[in-house]
Amino acid sequence: MKNLSETNYSSALQKVKELKAKFGNTWNAINPESAARMVTQNQFKTGLDIAKYTAAIMRKDMADYDTDSSNYTQSLGCWHGFVAQQKMIAVKKHHKTTSKRYLYLSGWMVAALRSEFGPLPDQSMHEKTAVPSLIAEIYDFLRQADAIELNDLFRRLELGEDVQDQIDNFETHIVPIIADIDAGFGNEEATYLLAKKMIQAGACAIQIENQVSDAKQCGHQDGKVTVPHEDFIAKLNAVRYAFLELGVDDGIIVARTDSEGAGLTQKLPVSQSPGDLASKYLDFIETEEVNLDQIKDNEVLLKRNGKLVKPVRLPNGLYKFKEGSNIDRVVLDCVTSLQNGADLLWIETPTPNVKQIAHMVNRVREVIPNAKLVYNNSPSFNWTLNFRKQVFEDMLEAGEDVTAYDKDNLMDVKYDGSELCKRADAKIKTFQLDGAKEAGIFHHLITLPTYHTTALHMSDLTKGYFGEDGMLAYVKDVQRQEIRKGVACVKHQRMAGSDLGDDHKTFFAGEKALKAGGEKNTSNQFETNIAKEKEDKVISVMA
């Protein structure tokens, strides 16, 4: 989505000229053209500006998806502003637009990488303030990417290049963040207060899950404890009130249900009338039929179908759900959330299987036809193994010969070039498109990709650098690849804002400015002769 026009520069220019006239000689040193350029390079003054802008993007994208399911959206999880910045720079470079590409902020990665306690599991033990801090950090880096790219364009314009159209139609690096608030970090008031901080930092979409806050577990681990619908609805309301208070009327709430893998609840809600939400929740509780002679003092009892039953309770006080009730609970969770203010759904699943996801979503859509999912393409899944198993079962059902494969050892490297492997990889490749078309998945994300890529790349680099290759390991596999592939970060000084800072210092101090860009700047080694000549001309013009 474009967010710049030539009127931004010209209106800023006119405003500064008027201010100069108003304040007289004391503003003599202020150059209106330089000030207008800086205004243009920073289109978003606050996090709320960003939240409002990106919420409108998501609403439009949701409407586009309702018209055509091929208009699904995607994101990658980022645990640092620099990671998010480089991702969006790469998106613009390779795909020419940021349209339909978002960012995801994972509570798992905040816990593992951003807590002052050190690395933590995904159990809401990290500081709640770490989440809005990361949102603000990400948008700081994205705004810097805007400023750096626009600064380069203005430099080229001063050299006489015809780049005015690129400036007028500049596409910002600012995109929506879907931000993880876990289970809300406390009661509904705590959820409201944290949601406000996240929105003020720039979040337009907040994802919240129906687990108990103080017993929260990663969605892909055991021991999950869900809350009654009334408790979750209160937190949905808390997030909506936060959006409304701050003027982000289009704010998006993503309601996540962990009921598929959760077998426990902490509370038994109070039913006010037959068939109400509390009653439906209680129907899922596993019970034992009893009579009064069997009951001990202080035991909890329910009346069900005219009989006296005792809920099955664990030594820790938690109650068990009936075996096999998980899918029905997921469907009720989803319908209830959408009927009570949620905009999108998130269903945690045990495996990435389009048919299984579609089975649940289609049941939800019987009640709410335009129900849409945000789906976690999680690294917790063994994608290779899962899809090889799916293809093996498909081949078996079709009567194909599968005797060459050991069903219990399909990860074996010897199968990597097999027909089964090729079919499985083809299904993985189209998983997002298939999920969007068949299972109502509006947004596909990978929660922890940059956690894994960092670990993988460090493994590869350290193997060579501390081994026989020495410095060649870095040069051949990192720096040379950056140069050959045109990765902007190869000039890390520029990426950190050195060139931008030089221009600003020139605005502020004129010819007295002490600048980093010059003949002895080693970053010049990464310039072609033509590019170097252009840069030298820019420096002389600025001076």
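Everything that follows concerns the structure shown earlier in this document.
Every chain is numbered independently, its residues counted from 1 as its sequence is written. Predicted model: local features are reported for residues with pLDDT of at least 70 only, side-chain atom pairs are reported and counted for 80 or more only, and whole-chain, interface and lining totals are derived from all residues. With hydrogens and water set aside, each side-chain value is computed from the structure's full complement of heavy atoms.

*Asks:* Describe the side chain of Asn151, naming the residues involved and giving the relevant values.
*Replies:* Labels follow the DSSP assignment, with helices taken as runs of H or I lasting at least four residues and strands as runs of E lasting at least two, numbered in each case from the N terminus. If you trace the backbone, Asn151 turns up in helix 6 (residues 130–158). Discounting chain neighbours no more than four positions away, the residues touching Asn151 are Arg37, Gln41, Asp499, Leu500 and Asp503. When checking whether two residues touch, look at their non-hydrogen atoms; a contact exists if any pair is within 4.5 Å.

*Asks:* Report on the packing of aromatic side chains, specifying residues and quantitative values.
*Replies:* Pairing of aromatic side chains requires ring centres within 6.5 Å, counting the rings of Phe and Tyr and the six-membered ring of Trp. Pairs whose planes differ by under 30 degrees are stacked, by over 60 edge-to-face, and all others tilted. Counted under the stated rule, the structure contains 14 aromatic pairs. Between Trp383 and Phe431, the ring centres sit 5.1 Å apart and the planes meet at 85°, which makes this aromatic pair edge-to-face. Within this pair, whereas Trp383 is found in helix 13 (residues 383–397), its partner Phe431 is found in helix 15 (residues 431–438), the two being separated by 48 residues in sequence. Three or more aromatic residues joined by ring pairs form one cluster here, namely Tyr375, Phe381, Trp383, Phe387 and Phe431. For Lys92, the ring lying beneath its charged end belongs to Phe170, and the centroid distance is 4.2 Å. Counted as over-ring charges are cases with an Arg CZ or a Lys NZ within 6 Å of the ring centre that also lie within 35 degrees of the ring normal.

*Asks:* Requested: an account of the pairing of strand 10 (residues 307–311), with residues and values cited.
*Replies:* Note on pairing: two strands pair once DSSP finds at least 2 bridges between them. In this sheet, strand 10 lies alongside strand 8 (residues 287–289) in antiparallel orientation, the contact comprising 3 bridges. Residue pairing across strands places Glu288 opposite Lys310, the latter belonging to strand 10. Across 3 bridges, the pairing between strand 9 (residues 302–304) and strand 10 is antiparallel. Residue pairing for strand 10: Lys303 is matched across the bridge by Leu308. If you look at the hairpin formed by strand 9 and strand 10, you'll find 2 residues sitting between the two strands, and Asn305 has a positive phi there, around 55°.

*Asks:* Give me the lowdown on the pattern of salt bridges, citing residues and values where you can.
*Replies:* What counts as a salt bridge is simple: a side-chain nitrogen of Lys or Arg found within 4 Å of a carboxyl oxygen of Asp or Glu. Counted under the stated rule, the structure contains 27 salt bridges. When the shortest N-O distance is used, the salt bridge between Asp343 and Arg59 registers 3.2 Å. In this pair, Asp343 is assigned in the loop between helix 11 (326–339) and strand 12 (344–347) and Arg59 in helix 3 (residues 47–67), connecting sequence segments 284 residues apart. Within the structure, one salt-bridge network assembled from shared partners comprises Arg37, Arg155, Glu158 and Asp503.

*Asks:* Quick rundown of the sheet that holds strand 9? Include the residues and the values.
*Replies:* In space, the 3 strands of this open sheet follow the order 8-10-9, with antiparallel pairing throughout. Either end of the sheet is taken by a strand with one partner, and the two such strands are strand 8 and strand 9. With strand direction ignored, the average angle separating the axes of adjacent strands in the sheet is 45°. To get an axis, fit a line to the C-alpha atoms, keeping to the stretch in contact for a helix; angles then go from 0 to 180 degrees between the N-to-C directions.

*Asks:* So, unusual backbone geometry: which residues are in play, and what are the values?
*Replies:* In the Ramachandran plot, Lys96 falls in the positive-phi region, its phi being about 70° despite a non-glycine side chain. In this fold, Lys96 is placed in the loop between helix 4 (81–95) and strand 2 (101–105). The phi dihedral of Asp182 falls on the positive side, at around 55°, and the residue is not glycine. Tracing the backbone through its elements, the reader meets Asp182 in the loop between strand 3 (177–180) and helix 8 (188–201).

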